[in-house]
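What follows is the residue order along each chain.
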Amino acid sequence: MIWLGILAVAAITSIYGILILSMDPVFSMLVLLVSGGGLVFYVLIIKRFSKLFQHLILGGASAFCILVLINTGAPSKDPFGSYKEECAAIEKDILSGAEDEKALADCDERIKRLEDRYGVKDMTRSLKALMFMVRGDFDQAGGEINYFSDKRSFLYYGRLEQRYLWDIGQDRTNDLYRLYENMVIDIPDSVYARKMAGIAQFEKKNYKGVDFLLCSALELDDQDPLTLYYLGASSFEQGKYNRGIEYFNRSVKYGADDEIASWIAWYIRRLEVA
């Protein structure tokens, strides 16, 4: 009977929707109960009744499941699309309403609704950490970040970096260095990770490490002015002035801002004095 096939598919779809697609758990469970109940009812009881009655019951259950699944379904291309969009919107509102406690309270409620629907995930933990940071509670923010399930993700490192940079009451320099060193290990294909780890090595005066990391960053982006500047500065610190000037010229060519240009000028003046 076709109705049995529809109910079986509806039951499987509801389970898949809950576990994989993060569809609304309430409606998905309702579909699972109706479809599963219809199958059990058919096996145990409904066979005793007329074919017309069987069609009415199973057809009604199938139609109900189909309608609920259609109205509850997740986006076909990206099941987490709306979730990610809402997270991005909340983050924007947290940053724009940092001085407005009423706006922040509204963001708190929106985060709670997301967690009620999708469960507690790293993205909502990230939002709560940001909420603590704009309120000046960096210890609580660190607690939320520490509960991330994936501590090798760009989301984790990005929020942890933000915590260290914003917490101006503490000297987080060494924490940042360790963060970048770990980040380049966990996310080796990230140009940002390679660049920041290279800059950290420059601050430590480990110029061989600088050259290795920043040259690898250039493999992914050979026109980044900051990367080129630090390679030039590293070359100068090692007495390789011609190579350093080449990097400086490339940095200027690819859009070095006024601050980087002033750093380059300082190195050039130092060479002229020598």
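Keep in mind that what you see is a predicted model, and the values were worked out from it rather than measured.

**Looking at the pattern of salt bridges**
- In total, this model carries 20 salt bridges according to the counting rule given.
- Note that Glu 86 is salt-bridged to Arg 110, the shortest N-O span being 3.2 Å. Here Glu 86 is found in helix 4 (residues 81-96), whereas its partner Arg 110 is found in helix 5 (residues 101-118), with 24 residues between them in sequence.
- Exposure remark for Glu 86: the relative accessible area of 27% places this residue in the partly exposed category.
- For the salt bridge of Arg 110 with Asp 93, the shortest nitrogen-to-oxygen distance reads 2.7 Å. With a gap of 17 residues between them, Arg 110 in helix 5 and Asp 93 in helix 4 connect regions that are remote in the sequence.

**Here's the deal with unusual backbone geometry**
- The phi dihedral of Lys 205 falls on the positive side, at around 65°, and the residue is not glycine.
- One can find Lys 205 in the loop between helix 10 (191-203) and helix 11 (207-220).

**Remarks on the packing of aromatic side chains**
- Under the criterion given, the structure shown has 16 aromatic pairs.
- Taken together through their ring pairs, the aromatic side chains of Phe 202, Tyr 207, Tyr 229, Tyr 230, Phe 236, Tyr 241, Phe 248, Trp 263, Trp 266 and Tyr 267 make up a single cluster.

**What to know about the nonpolar core**
- Counting residues in each nonpolar core, the largest one holds 53 residues, and the members touching the most others are Ile 94, Tyr 180 and Tyr 229.
- Aside from chain neighbours lying at most four places away, what touches Tyr 180 is Glu 161, Tyr 192, Ala 193, Met 196, Ala 197 and Ala 200.

**Points about the confidence of the model for the protein**
- Taken residue by residue, the protein gives an average pLDDT of 84. The fraction at 70 or more is 70%.
- Across residues 74-79 the pLDDT falls below 50, and counting only partners more than four positions away or on other chains, this stretch makes five contacts in the model.

**Quick word on the environment of Gln 238**
- Within the secondary structure, Gln 238 is located in the loop between helix 12 (225-237) and helix 13 (241-253).
- The partly exposed category is assigned to Gln 238, whose relative accessible area is 28%.
- Here Asp 211 takes part through its side chain, which lies 3.0 Å from a polar atom of the side chain of Gln 238.

**Looking at the packing of helix 12 against helix 14 (residues 258-273)**
- Helix 14 packs onto helix 12 with a crossing angle of 15° between their chain directions and a minimal axis gap of 11 Å. It follows from the interaxial angle that helix 12 and helix 14 lie roughly parallel. In the crossing of helix 12 with helix 14, the sense of the turn from one axis to the other is left-handed. Contacts between helix 12 and helix 14 involve Pro 225, Leu 226, Tyr 229, Tyr 230, Ala 233, Phe 236 and Glu 237 from the first element and Ile 260, Trp 263, Ile 264, Tyr 267, Ile 268, Arg 270 and Leu 271 from the second.
- Each residue belonging to the contact of helix 12 with helix 14 can be placed in one class, and the counts come to twelve nonpolar, no polar and two charged.

**Re the side chain of Asp 175**
- Within the secondary structure layout, Asp 175 lies in helix 9 (residues 173-186).
- For Asp 175, the side chain forms a polar contact with the side chain of Arg 178, separated by 2.4 Å.

**Observations regarding helix 5**
- Between its first and last C-alpha, helix 5 extends 25 Å over 18 residues, near the 26 Å set by a 1.5 Å rise per residue.
- Those residues of helix 5 that sit buried are Leu 104, Cys 107, Arg 110, Ile 111, Leu 114, Glu 115 and Tyr 118. The arc enclosing the buried residues of helix 5, seen along the axis, measures out at 140°, which places them on a common side. Set apart from the buried face of helix 5 by more than 90 degrees, the exposed residues are Lys 102 and Asp 116.
- At the N-terminal end of helix 5, a side-chain oxygen is found 3.0 Å from the backbone nitrogen of Lys 102, two or three residues along, and the residue is Asp 100.

**Points about the packing of helix 6 (residues 122-134) against helix 7 (residues 138-146)**
- The interhelical angle for the contact between helix 6 and helix 7, taken along N-to-C directions, is 170°, at an axis separation of 7 Å. Taken as axis vectors, helix 6 and helix 7 run roughly antiparallel relative to one another. Contacts from Arg 125, Lys 128, Ala 129, Phe 132 and Met 133 of helix 6 reach helix 7 at Phe 138, Gln 140, Ala 141, Glu 144 and Ile 145.
- Split into classes, the residues belonging to the contact of helix 6 with helix 7 amount to six nonpolar, one polar and three charged.

**Remarks on the side chain of Lys 195**
- Examined against the element boundaries, Lys 195 turns out to sit in helix 10.
- Ignoring any residue separated from it by four or fewer positions in sequence, one finds Lys 195 in contact with Leu 214, Ala 217, Asp 224, Leu 226 and Thr 227.

**Regarding a nonpolar patch on the surface**
- Residues Leu 95, Leu 165 and Trp 166 make up a contiguous nonpolar surface patch of about 270 Å² in total accessible area.
- Mapped onto the secondary structure, Leu 95 falls in helix 4.
- On the basis of relative accessible area, Leu 95 is assigned to the partly exposed category, the value being 44%.

Quick notes on the rules
- Along each chain, numbering runs from 1 in the same order as the chain's sequence is written.
- Given that this is a predicted model, residues contribute local features only at a pLDDT of at least 70 and side-chain atom pairs are listed and counted only at 80 or more, while totals for whole chains, interfaces and linings are drawn from all residues.
- To get the side-chain values, take all heavy atoms of the structure and skip hydrogens and water.
- Salt bridges are identified by distance alone: a Lys or Arg side-chain nitrogen within 4 Å of an Asp or Glu carboxyl oxygen.
- Numbering goes from the N terminus for both helices and strands, where a helix is a DSSP run of H or I of at least four residues and a strand is a run of E of at least two.
- Type-normalised accessible area, obtained with a 1.4 Å probe on protein chains alone, sets the label of each residue: buried when under 20%, exposed when over 50%, and partly exposed for intermediate values.
- Each pair of aromatic rings taken from Phe, Tyr and Trp, with Trp reduced to its six-membered ring, is defined by centres within 6.5 Å and is described as stacked if the planes are under 30 degrees apart, edge-to-face if over 60, and tilted in the remaining cases.
- The nonpolar core is taken to be a set of buried Ala, Val, Leu, Ile, Met, Phe, Trp, Tyr and Cys residues, with the residues joined through side-chain atoms within 4.5 Å.
- By definition, residues are in contact when any of their heavy atoms lie within 4.5 Å.
- pLDDT is defined as a per-residue confidence score from the predictor, taking values between 0 and 100.
- The definition of a polar contact used here is a pair of N or O atoms within 3.5 Å, where within protein one atom must be able to donate a hydrogen and the other to accept one, and adjacent residues in sequence count solely through side-chain atom pairs.
- Only the stretch in contact is used when a helix axis is fitted, and all axes are lines through C-alpha atoms; the angle between N-to-C directions ranges over 0 to 180 degrees.
- Between 65 and 115 degrees an angle is taken as roughly perpendicular, under 35 as roughly parallel, over 145 as roughly antiparallel, and anywhere else as oblique.
- When the near helix sits turned anticlockwise from the far one by under a right angle, the crossing is termed left-handed; a clockwise turn instead gives a right-handed crossing.
- Side-chain classes are defined by residue name, with Ala, Val, Leu, Ile, Met, Phe, Trp, Tyr, Cys and Pro counting as nonpolar, Asp, Glu, Lys and Arg as charged, and the others, Gly among them, as polar.
- One fewer than the residue count of a helix, multiplied by 1.5 Å, yields its expected span.
- Each C-beta atom gives one direction from the helix axis, and the arc is the one those directions make.
- Residues enter patches when they are more than 30% accessible in relative terms and free of salt bridges; like-charged ones are connected within 9 Å and nonpolar ones (Val, Leu, Ile, Met, Phe, Trp, Tyr) within 5 Å.
- We get accessible surface area from the Shrake-Rupley algorithm with a probe of 1.4 Å; when it comes to residues, only the shown protein chains can shield them.

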